[in-house]
Amino acid sequence: TTAMEDAGMSQTGHRSQLPCPKPETGDLSIWSIMRKNIGKDLSKVCMPVTMNEPLNTLQRLAEELEYSELLDKAAETDNPYERMALIAAFAVSGYSSTYYRAGQKPFNPLLGETYECVREDKGFSFIAEQVSHHPPISACHCKGEKWVFWQDARLKTKFWGKSMEIIPIGTVNVSIPKYNDHYTWSKVTSCIHNIMTGQRWMDHYGEKIIKNKDITCRLMFHKASYWSTRCHDVLGSVLDKDGKEVHHLFGKWHEGLWCGHPPSAKCIWRPGSMPEEYDLYYGFTRFAVELNELTPDLRTALPPTDTRFRPDQRLLEEGQVQRAQNEKVRLEQMQRMREREREEGGVVYQPRFFRRAKQEHHHDSWTFNNTYWDMRTTPGFSQTENMKLW
Ligand code: PIF
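The numbering scheme is per chain: residues are counted from 1 as the chain's sequence reads. Where local features are concerned, this predicted model is filtered to residues with pLDDT of at least 70; where side-chain atom pairs are given and counted, the filter is 80 or more; whole-chain, interface and lining totals use all residues. By convention in this description, side-chain values take in all heavy atoms of the structure and omit both hydrogens and water.

1. What to know about the overall build of the protein chain
Consideration 1: Each helix is a run of DSSP H or I of at least 4 residues and each strand a run of E of at least 2, with the numbering of both proceeding from the N terminus. Within the protein chain, the secondary structure is distributed over 10 helices and 18 strands.
Consideration 2: Radius of gyration (C-alpha) of the protein chain: 21 Å, near the 21 Å computed for a compact globule of 390 residues.
Consideration 3: A principal-axis box enclosing the C-alpha atoms of the protein chain has dimensions of 60 × 55 × 50 Å.
Consideration 4: Buried positions account for 51% of the 390 residues belonging to the protein chain.
Consideration 5: We call two residues contacting when some pair of their heavy atoms lies within 4.5 Å. Of the contacts formed within the protein chain by residues at least 6 apart in sequence, a portion of 55% connects residues at least 24 apart.
Consideration 6: The Shrake-Rupley method, run with a 1.4 Å probe, gives the accessible areas here. Residue values count only the displayed protein chains as cover. Surface exposure of the protein chain reaches about 19,200 Å², of which carbon and sulfur atoms provide 53%.
Consideration 7: Of the charged side chains in the protein chain, 51 are positive and 51 negative, and the gap between their average positions amounts to 5 Å. A radius of gyration in this sense is built from C-alpha atoms; the matching globule rule multiplies 2.2 Å by the number of residues raised to 0.38. Here's how the labels work: a residue is buried when its accessible area is under 20% of the maximum for its type, exposed when over 50%, partly exposed in between, all with a 1.4 Å probe on protein chains only. Working convention for charge: Lys and Arg count positive, Asp and Glu count negative, and His plus the chain ends are omitted. The atom standing in for a charge is NZ when the residue is Lys, CZ when it is Arg, CG when it is Asp and CD when it is Glu.

2. Focus on empty space enclosed by the protein
If you roll a probe as big as a water molecule over the atoms, it shows you where there is empty space left.
Consideration 1: Lining residues are those with an atom within 4 Å of a point, where the points come from a 1 Å grid over the protein atoms alone and group into cavities, where a 1.4 Å probe fits but cannot get out, or pockets, open sets with protein on both sides within 12 Å along at least five of seven lines. Grid points are joined across faces, edges and corners, and a volume is the space filled by probe spheres set on the points. Applying the stated criterion across every chain, the model contains 1 cavity of 30 Å³ or more.
Consideration 2: Put simply, the largest cavity is a space of about 40 Å³.
Consideration 3: If you trace the largest cavity, you find it lined by K22, P23, T25, T50, N52, Q104, Y282, L316 and V321.
Consideration 4: Amino acids outside the nonpolar list (Ala, Val, Leu, Ile, Met, Phe, Trp, Tyr, Cys, Pro) and the charged list (Asp, Glu, Lys, Arg) are all regarded as polar, and Gly is one of them. For the lining of the largest cavity, the per-class residue count stands at 4 nonpolar, 4 polar and 1 charged.

3. Comments concerning the site of the ligand
Consideration 1: Near, as used in this document, describes a residue that has one of its heavy atoms within 4 Å of the molecule or strand being considered. Close to the ligand lie 23 residues, the nearest being S43, H134, K328, E332 and R336.
Consideration 2: The term polar contact refers here to a pair of N or O atoms within 3.5 Å; inside protein, the definition further demands a hydrogen-donor-capable atom paired with an acceptor-capable atom, and it admits residues adjacent in sequence only when both atoms are side-chain atoms. One of the side-chain nitrogen or oxygen atoms of K105 is found 2.8 Å away from an oxygen atom of the ligand.
Consideration 3: Compared with its free state, where it exposes 880 Å², the ligand has 92% of that area covered by protein.
Consideration 4: At 4 residues, helix α9 (residues 321-345) tops the list of elements feeding residues into the shell around the ligand.
Consideration 5: Residues belonging to the shell around the ligand are distributed by class as follows: 10 nonpolar, 6 polar and 7 charged.

4. Examining the pairing of strand β7 (residues 164-169)
In summary, the side chains of a regular strand alternate between the two faces of the sheet.
Consideration 1: Two elements, strand β6 (residues 148-159) and β7, share 6 bridges in a ladder whose sense is antiparallel. Looking at the pairing, T157 lines up with I166 of β7.
Consideration 2: The criterion for strand pairing is that DSSP finds at least two bridges linking the strands in question. Count of turn residues in the β6/β7 antiparallel hairpin: 4 residues, of which G161 carries a positive phi of about 100°.
Consideration 3: For β7 and strand β10 (residues 189-193), the ladder comprises 3 bridges, and the chain directions are antiparallel. Looking at the pairing, M164 lines up with I192 of β10.

5. Re the packing of aromatic side chains
Consideration 1: Under the pairing criterion, centres of Phe, Tyr and Trp rings, with the six-membered ring standing for Trp, must be within 6.5 Å; the plane angle then separates stacked pairs below 30 degrees from edge-to-face pairs above 60, leaving the rest tilted. Under the counting rule described, the total for this entry stands at 16 aromatic pairs.
Consideration 2: Ring geometry for Y99 versus W253: centroids 6.1 Å apart, planes at 75°, classification edge-to-face. Pair noted here: Y99 is in the loop between α5 (80-93) and β2 (105-107) and W253 is in the loop between β14 (245-252) and β15 (256-259), with a separation of 154 residues, a long-range link.
Consideration 3: Using a relative accessible area of 0% as the deciding quantity, one classes W253 as buried.
Consideration 4: Note on Y372 and F381: the rings are 5.0 Å apart at their centroids and 40° apart in plane angle, and the pair reads as tilted.

6. Some thoughts on the environment of Q350
Consideration 1: Positionally, Q350 belongs in the loop between α9 and β17 (354-360).
Consideration 2: Q350 sits in the exposed class, given a relative accessible area of 59%.
Consideration 3: Residues Q350 and T57 lie 293 residues apart in sequence; the distance between their C-alpha atoms is 20 Å.

7. Digging into α9
Consideration 1: Multiplying 1.5 Å by the helix residue count minus one yields the expected span of that helix. Taking 1.5 Å of rise per residue, the 25 residues of α9 would be expected to cover 36 Å, and the 36 Å separating its terminal C-alpha atoms lies within 8% of that figure.
Consideration 2: Turning to α9, its buried residues are V321, A324, E327, K328, L331, E332, Q335, R338 and R342.
Consideration 3: G346 sits one or two positions beyond α9 and adopts a positive phi of about 65°.

8. Some details on unusual backbone geometry
Consideration 1: Between P262 and P263 the backbone carries a cis peptide bond, its omega angle lying at 5°.
Consideration 2: You can see P263 is positioned in the loop between β15 and β16 (266-269).
Consideration 3: Of note, the amide linkage connecting T378 to P379 takes the cis form, showing an omega dihedral of 5°.
Consideration 4: Topologically, P379 is positioned in the segment after α10 (372-377).
Consideration 5: One non-glycine residue with positive phi stands out, namely N194, at about 55°.

9. Regarding the pattern of salt bridges
Close approach of charged atoms lets side chains of opposite charge pair.
Consideration 1: For salt bridges, the criterion is a side-chain nitrogen of Lys or Arg within 4 Å of an Asp or Glu carboxyl oxygen. All chains considered together, the criterion is met by 22 salt bridges.
Consideration 2: Shared partners join several salt bridges into a network, and the residues in it are E53, R60, E63 and R101.

10. Quick look at the layout of surface pockets
Consideration 1: Each pocket or cavity is described by its volume, and for the second largest pocket that value is around 800 Å³.
Consideration 2: Of all the secondary-structure elements, those providing two or more residues to the lining of the second largest pocket are α2 (29-36) and β11 (201-212).
Consideration 3: By residue class, the composition of the lining of the second largest pocket is 12 nonpolar, 10 polar and 7 charged.

Right, dumping it as structure tokens:
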């Protein structure tokens, strides 16, 4: 280990470990929760904090940028087919962190909760906000030096008894102004297996189609099966305007993506190594460990609605399960009261940093209103009126 790592810091200058391993809590309650709520919309059920990991869905969206260097590289690649292959690698890379992560669910953010992630080392600034409570919708926007990434995420769940399917609704967007590119895609279905007993694990399957002008990339995520070696396989093609394959892509979402045909294929993405004892720390990657870190400079710059200030999530991170549970209940109650006040006053809730754009494929899409970063510097969030979420 290096001196920095010994000081609890990673090469990036961020923390390299959570303050505390995941507490042993037992898994029994999941049974009774599911049994009591059969057929119900699970997003309307209050889950115990022990089902959570100390990250929320806004931070999970930021996590999709762990391999943002693929976007940097795409933004410097003149060949549009190679550029598409790099965008495809990026769209696959976002799944790799789920390989060790099926055990817990992210916190459901409170309405109006925000999360920013400024990474000077990676050259991006990310902001996300919970824009709807029922159904839960998270919107985010991220500006790199030469690209922009944005999406709104919403999901449907299907409970099958032994497993649960998560069907994402929403569009992922990447634009690269230099080439006038606008890539769009939607996510594939995810499935949590062995939800009640045994070792939980996650799978992702279905077809993902990435579009940009007249170039398309088709990516097929194979459904894992007990007798197949094609577990976690991803196969794809970059197609020209006539549907002719220009590049062949293959790999596994937890191992990497290659372009070409073996043995001469070129690796275009491979996930980083996991931190030590990751299995004791919720299966978080190095990047995930850093997401909820609250440094002194952030403490003064962030709006009070930022997830890093959310007490129940912080308490869980510190291993104080009972206190975290009590806080979760209190915050949910406060949120219900705010909702009731709005109802009584006839006030329609307006998100602060995103606005509802046109309807897209039967669902609303959300776009950034571009006010966050200006407000952050002038007048600064200590001078603005902010929602009191906790
Ligand atoms: C509460 O959220 P929870 C409920 O929404 C509750 O209805 C509400 O009260 P209200 C509370 O204020 C909320 O805090 C419910 C639900 C929503 C998500 C993220 O956190 C899930 O208690 C993403 O839980 C799943 O959870 C991705 O959470 C998994 O939206 C990888 O939908 C679920 C259950 C998903 C189970 C996954 C199991 C994994 C082991 O009175 O205002 O309505």
